[in-house]
Amino acid sequence: MIFKICGLKNKESLLCCEKNNADFFGMIFYKKSPRNITLNEAKTLISTSKKLRIKPVGVFVDHEINDLKKIILSFDLKYIQLHGGEDQLYIDEIKKEFDLKIIKKISINKPEDLKIINKFKNIEYLLFDYKPTKNELPGGNSKSFEWNLLKGQEIKLPWFISGGINETNIKKIQNLLNPNGIDLSSGVEVSKGIKSNSKINNLFKKFYDN
């Protein structure tokens with residue numbers, strides 16, 4: 001199982017994720033999010049991660065593409081997550097300039113939302129998340145979609161599941177769907193944007209306990 005912990009902002013959380021063998025940490029470059037990271041904070045985390053196994057992922061929501069390119073270049077990002085309504089042209093333009101891997105979010109609420117799951121090209125991973133209402137953030141809402149919607153779907157790319165995942169339901173995901181990856185954020189927080197090392201530790205312990 002691939003694990004990604006999203007919305008990290010400090011070194012202590014990063015080291016805790018590394019200790020628990022998480023594969024990726026997400027840095028959210030989205031000003032409306034309580035998990036928004038500054039360029040200086042991102043620089044510290046990326047610099048620290050160079051001595052670790054865990055890999056950084058820049059997370060963007062319909063980001064102005066030229067500014068996105070500057071951030072990719074500045075931090076030499078090898079993974080980015082597109083968590084908005086970015087289209088194929090947007091994806092292709094990034095791939096034309098950078099040798100990196102893209103995680104593309106697909107919001108799920110009803111069966112019709114699954115029609116596009118195999119339509120994106122030039123990406124490496126899909127990420128299925130709860131579909132927010134008009135007044136909600138694009139992610140990190142502590143809400144799950146109906147996971148059964150993914151049962152029996154032919155998904156051609158490796159995929160993550162996200163949305164409202166915590167230590168109480170993480171085993172259910174593995175048993176019900178067995179995705180390639182699990183993406184966590186609010187489920188390991190004490191409040192919006194504040195990660196808890198004890199919650200991270202407990203979640204991994206719960207997942208790996210038989």
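Anyway, here's the lowdown on the structure attached to this text. All values reported here derive from a predicted model rather than from experimental measurement.

Definitions and limits used
- Residues numbered from 1 in each chain as written.
- Predicted model: local features only at pLDDT ≥ 70, side-chain atom pairs only at ≥ 80, totals over all residues.
- Heavy atoms only, no water.
- Salt bridge = Lys/Arg side-chain N within 4 Å of Asp/Glu carboxyl O.
- Helix = DSSP H or I, 4+ residues; strand = E, 2+ residues; numbered from the N terminus.
- Buried < 20%, exposed > 50% of the residue type's maximum accessible area, 1.4 Å probe, protein only.
- Pairing = 2+ DSSP bridges.
- Lys, Arg positive; Asp, Glu negative; His and termini not counted.
- Polar contact = N/O pair within 3.5 Å; in protein donor to acceptor, adjacent residues only side chain to side chain.
- Contact = heavy atoms within 4.5 Å.
- Arc of directions from axis to C-beta.

### Details of the pattern of salt bridges
Turning to step 1, where the next piece is worked out: Throughout the structure, instances matching the rule amount to 12 salt bridges.
Turning to step 2, where the next piece is worked out: The salt bridge partner of Lys4 is Asp183, with a shortest N-O separation of 2.5 Å. Here Lys4 is found in strand β1 (residues 2-6), whereas its partner Asp183 is found in strand β8 (residues 181-184), with 179 residues between them in sequence. Take Lys4 and Asp183: they sit in the same class, and that class is buried.
Turning to step 3, where the next piece is worked out: With a shortest N-O distance of 3.0 Å, Asp113 and Lys131 are connected by a salt bridge. Of the two residues, Asp113 is situated in the loop between β5 (101-108) and β6 (125-130) and Lys131 in the loop between β6 and β7 (159-162); the sequence distance between them amounts to 18 residues.
Turning to step 4, where the next piece is worked out: Of the residues examined, Asp113 reaches a relative accessible area of 11% and is grouped as buried.
Turning to step 5, where the next piece is worked out: Through salt bridges with shared partners, a single network forms among Arg35, Glu189 and Lys195.

### Brief notes about the pairing of β6
Turning to step 1, where the next piece is worked out: Where burial is concerned, most of β6 is hidden: 6 out of the 6 residues are buried.
Turning to step 2, where the next piece is worked out: Relative to β6, β5 is paired through 6 bridges, and the arrangement is parallel. Looking at the pairing, Ile108 lines up with Tyr130 of β6.
Turning to step 3, where the next piece is worked out: Of the strand pairs in this sheet, β6 and β7 are connected by 3 bridges, and their pairing is parallel. From the neighbouring strand, Leu126 faces β7, where its bridge partner is Trp159.

### Re the side chain of Lys105
Turning to step 1, where the next piece is worked out: Along the chain, the position of Lys105 falls in strand β5.
Turning to step 2, where the next piece is worked out: For the buried Lys105, no salt bridge exists, and the shortest N-O distance to an oppositely charged side chain is 5.7 Å, to Asp129.
Turning to step 3, where the next piece is worked out: A polar atom in the side chain of Lys105 sits 3.2 Å from the backbone oxygen of His83.

### Considerations on the environment of Glu154
Turning to step 1, where the next piece is worked out: Of note, Glu154 is situated in the loop between β6 and β7.
Turning to step 2, where the next piece is worked out: A residue is classified by how much of its surface remains accessible, and Glu154, at 59% relative accessible area, is exposed.
Turning to step 3, where the next piece is worked out: Residues Glu154 and Asn175, 21 residues apart in the sequence, show an inter-C-alpha distance of 18 Å.
Turning to step 4, where the next piece is worked out: Apart from residues lying up to four places away in sequence, Glu154 is in contact with Ile117 and Asn118.

### Examining the pairing of strand β2 (residues 24-29)
Turning to step 1, where the next piece is worked out: By the criterion of burial, β2 is predominantly enclosed, with 6 of the 6 residues buried.
Turning to step 2, where the next piece is worked out: Of the two faces of β2, both are covered, the one formed by Phe24, Gly26 and Ile28 as well as the one formed by Phe25, Met27 and Phe29.
Turning to step 3, where the next piece is worked out: Pairing geometry for β1 and β2, over 3 bridges, is parallel. Within β2, the position partnered with Lys4 by the bridge is Phe24.

### Quick notes on helix α3 (residues 65-75)
Turning to step 1, where the next piece is worked out: The complete set of buried residues in α3 reads Ile65, Leu68, Lys69, Ile71, Ile72 and Phe75. Within α3, the buried residues cover an arc of 160 degrees as seen down the axis, which keeps them to one side. Of the residues in α3, the exposed ones pointing more than 90 degrees away from the buried face are Lys70, Leu73 and Ser74.
Turning to step 2, where the next piece is worked out: Residues of α3 that are buried sit in contact with β2, α2 (39-49), β3 (55-60), β4 (79-82) and α4 (88-97).
Turning to step 3, where the next piece is worked out: At the exit of α3 stands Asp76, carrying a positive phi of roughly 50 degrees.

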